Amino acid sequence: MKATFCTKASRIEAVGDAAYRIRRNALRMGEVQGQGYVGQALGAADILAALYTDQLDYRAEDPEWDGRDRFLLSTGHYAIGLYAALAEAGIVPVEELETYGSDDSRLPMSGMSTYTPGMEISGGSLGHGLTIAVGYALGLRARGNPARIVNFLSDGELDEGSTWEAAMGAAHHRLGRLTAVVDINALQADGPTAGVLRTEPVAEKWAACGWRVQRVDGNDVAALLEAFDAVAAEADDQGAPAVVLCDTKVGRGVPLLEEREKAHFMRIEEHEWAICQKQLAEGHMNREKVAP
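Residue positions are given per chain, counting from 1 as you read along its sequence in written order. Reporting in this predicted model follows two pLDDT cut-offs: at least 70 for local features of residues, and 80 or more for side-chain atom pairs to be given and counted; totals over whole chains, interfaces and linings ignore these cut-offs and use all residues. Water and hydrogen atoms play no part in the side-chain values, which are based on all heavy atoms of the structure.

Asks: Can you help me understand the packing of aromatic side chains in this one?
Replies: Within a pair of aromatic rings, the relevant descriptors are the distance that separates the centres and the angle that separates the planes. Aromatic rings from Phe, Tyr and Trp, taking only the six-membered ring of Trp, are treated as a pair when their centres fall within 6.5 Å; an angle between ring planes under 30 degrees marks them as stacked, one over 60 as edge-to-face, and anything in between as tilted. In this structure the tally under the stated criterion is seven aromatic pairs. Taking 6.2 Å as the distance between ring centres and 65 degrees as the angle between the ring planes, the aromatic pair formed by Y83 and Y100 counts as edge-to-face. With a gap of 17 residues between them, Y83 in helix α3 (residues 79–89) and Y100 in the loop between α3 and α4 (129–142) connect regions that are remote in the sequence. Type-normalised accessible area, obtained with a 1.4 Å probe on protein chains alone, sets the label of each residue: buried when under 20%, exposed when over 50%, and partly exposed for intermediate values. Residue classification places Y100 among the buried residues on the basis of a relative accessible area of 0%. Put simply, the rings of Y52, Y58, F71, Y78 and F152 touch in pairs and so form one group of aromatic residues. What counts as a helix is a DSSP run of H or I of at least four residues, what counts as a strand is a run of E of at least two, and both are numbered from the N terminus.

In structure tokens:
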């Protein structure tokens, strides 16, 4: 279950510490395979930490609790980041992260709901997550269940027409307990997002579909909490759905990886893993503290 903190500063510190551990564990999982979608996990760690540490309602000991908020990972290849967040939340044992991507592991390289506690949907071909989220929201409302639905998408996923069909459907049905969170890291498998298919002005497009829109620096914990708080405050059964557009940096927190040219699927040399962990730890130790 989400924690309760007394002050803004304590919330920011708690989420920042959780984001650091998510990044650290994502690197450890990546080292097991020597490669993977590490850059996305590092970039999205602050988002995942804010949600699982501060926003979502769940029971770690009972991942199927009917009253839980549902987090739907549409981008299945981001699973390495979500596994680290689930470990942070106490849903997956931290020691199990060492099995990432291995035979018979509950933590495959792409998210599978049949394998992993806390993984609500299986991810694969992009463009399906928001459609599923709309169905979830309609079903919960029909049952009188006030749980929230949070659907995590990527900016590359906005290339898919099915995403925009779902966006229009969510607004039409007034699914006010549905929130889309879009990781805008400006990169997808075929290259820079703007070069593959330009989606800007993306905020205006979501607004035109009838959504409440927040756009923030997705690596700024304070900004994320403010945006998520605003969205939660207006969530209701018959309101407009909300989207939080998060501008992030692939490889965030590890300078060695932030500048990698081919960063969608990273191959990291054996000697570089220790460098990555060292840079991550130093950056976390030197972060600015927030006044109470």
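Asks: Quick question: what am I supposed to make of the environment of H284 here?
Replies: Residue position: H284 is located in helix α10 (residues 272–285). Residue class for H284 comes out buried when judged on its relative accessible area of 16%. Residues H284 and A19, 265 residues apart in the sequence, show an inter-C-alpha distance of 9.6 Å. Here H284 is in contact with G16, D17 and Y20, once residues within four sequence places are set aside. Two residues form a contact once any of their heavy atoms are found within 4.5 Å.

Asks: What is the right way to read the sheet that holds strand β8 (residues 242–247) from this model?
Replies: The strands making up a sheet are joined through hydrogen bonds of the backbone, oriented either antiparallel or parallel. Taken in spatial order, the five strands line up as β2-β3-β4-β8-β7 in an open sheet, and their pairing is parallel. The open sheet terminates on both sides in strands that have one partner only, identified here as β2 (70–73) and β7 (212–217). Strand-to-strand twist in this sheet, taken as the mean axis angle between neighbours without regard to direction, amounts to 20 degrees. Sheet analysis places β2 next to strand β3 (residues 149–154), joined by four bridges and oriented parallel. The residue of β3 that forms the bridge with L73 is F152. The pairing criterion for strands is at least two bridges between them, as found by DSSP. Axes, fitted as lines to C-alpha atoms, cover a helix only where it is in contact. Angles between the N-to-C directions of the axes lie from 0 to 180 degrees.

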